[in-house]
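# Remarks on the overall topology
Residues per chain are reported as follows:
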Amino acid sequence: MRTDSRLSRMLHVLLHMARAEQPLTSEQIGRMLGTNAAVVRRTMAGLRKAGYVQSEKGHNGGWRIACDLRQVTLLDIHHAVGGPRIFAIGPDHDHPDCAVERAVNAALADALRQAEALLIERLGAVTLADLAGDFDALCRGHAASPGALLHR
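Attention in this report is confined to the structure presented alongside it. Note that the structure is predicted; figures quoted are calculated from it, not measured.

Criteria and thresholds
- Residues numbered from 1 in each chain as written.
- Predicted model: local features only at pLDDT ≥ 70, side-chain atom pairs only at ≥ 80, totals over all residues.
- Heavy atoms only, no water.
- Helix = DSSP H or I, 4+ residues; strand = E, 2+ residues; numbered from the N terminus.
- Rg over C-alpha atoms; globule rule 2.2 N^0.38 Å.
- Buried < 20%, exposed > 50% of the residue type's maximum accessible area, 1.4 Å probe, protein only.
- Contact = heavy atoms within 4.5 Å.
- Salt bridge = Lys/Arg side-chain N within 4 Å of Asp/Glu carboxyl O.
- Expected span 1.5 Å × (residues − 1).
- Bend = angle between axes of the 7 residues up to and from the residue.
- Polar contact = N/O pair within 3.5 Å; in protein donor to acceptor, adjacent residues only side chain to side chain.

This brings us to the overall build of the chain. Per the secondary structure count, the chain includes 6 helices and 2 strands. Mapped from its N terminus to its C terminus, the chain presents α and β elements in the order α-α-α-β-β-α-α-α. On C-alpha atoms alone, the chain measures out to a radius of gyration of 19 Å, which is more than a quarter above the 15 Å that the 2.2 N^0.38 rule sets for 152 residues. Taking the principal axes of its C-alpha atoms as reference, the chain extends roughly 65 × 35 × 25 Å. Taken over 152 residues, the chain has a buried fraction of 32%. Pairs at least 24 apart in sequence give 61% of the contacts found in the chain among residues at least 6 apart.

What follows is the structure, given as structure tokens:
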């Protein structure tokens, strides 16, 4: 099963945007992510609607950060990009009268509820500024400027 990587991909883009001196075009972001500009625009639309980015058309246009990185959490971004359910696994409902299925579903539902609550709590506790700080620390650890570790 393929995983949904919208959250990690958009976090990646947002950190690049936070360190970019110029707006990034949909084409540049598409090359960075290995996808086309239309997919980028569609995904960025949710971030723009939430007020986390803005776009400018024309010469020198593109996407810019429009928020305070200290105020936006990973959970905020997950919601803005239309993130799917936290977990793709879930109970089976093919045989609702089967006692075995009911016992299995009860155990899975409880475990998934607890795991989802923990993950949501953690995503809500990490800000974009935290990620940017981690990135900066990695750059310092490699004795490089932040631009040296950015890919184009």
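Here the narrative resumes.
Before going further, it helps to examine unusual backbone geometry. One non-glycine residue with positive phi stands out, namely N60, at about 65 degrees. Along the chain, the position of N60 falls in the loop between β1 (53-56) and β2 (62-65).

Right, let's get into the pattern of salt bridges. Where charged atoms of side chains with opposite charge meet at close range, the side chains can pair. Overall, the coordinates contain 5 salt bridges when judged by the stated rule. For R19, the salt bridge goes to D136, with nearest N and O atoms at 2.7 Å. Residue R19 is located in helix α1 (residues 6-19), and its partner D136 is located in helix α6 (residues 128-141); the two are separated by 117 residues in the primary sequence. Judged by its relative accessible area of 30%, R19 falls in the partly exposed class. The closest approach of N and O atoms between R70 and D68, which form a salt bridge, is 2.9 Å. Looking at R70, the relative accessible area reads 60%, which means it is exposed.

Spanning 13 residues, helix α3 (residues 37-49) covers 18 Å between terminal C-alpha atoms, matching the ideal 18 Å at 1.5 Å per step. A maximum bend of about 25 degrees is found in α3 at T43. Among the residues of α3, A37, V40, T43, M44, G46 and L47 are the ones counted as buried. Considering only its buried residues, α3 is in contact with α1, α2 (26-33), β1, β2 and α4 (74-80). Between the side-chain oxygen at the start of α3 and the backbone nitrogen of A38 there is a gap of 3.0 Å, and the oxygen is on N36. With its phi angle positive at about 85 degrees, G51 sits one or two positions after the end of α3.

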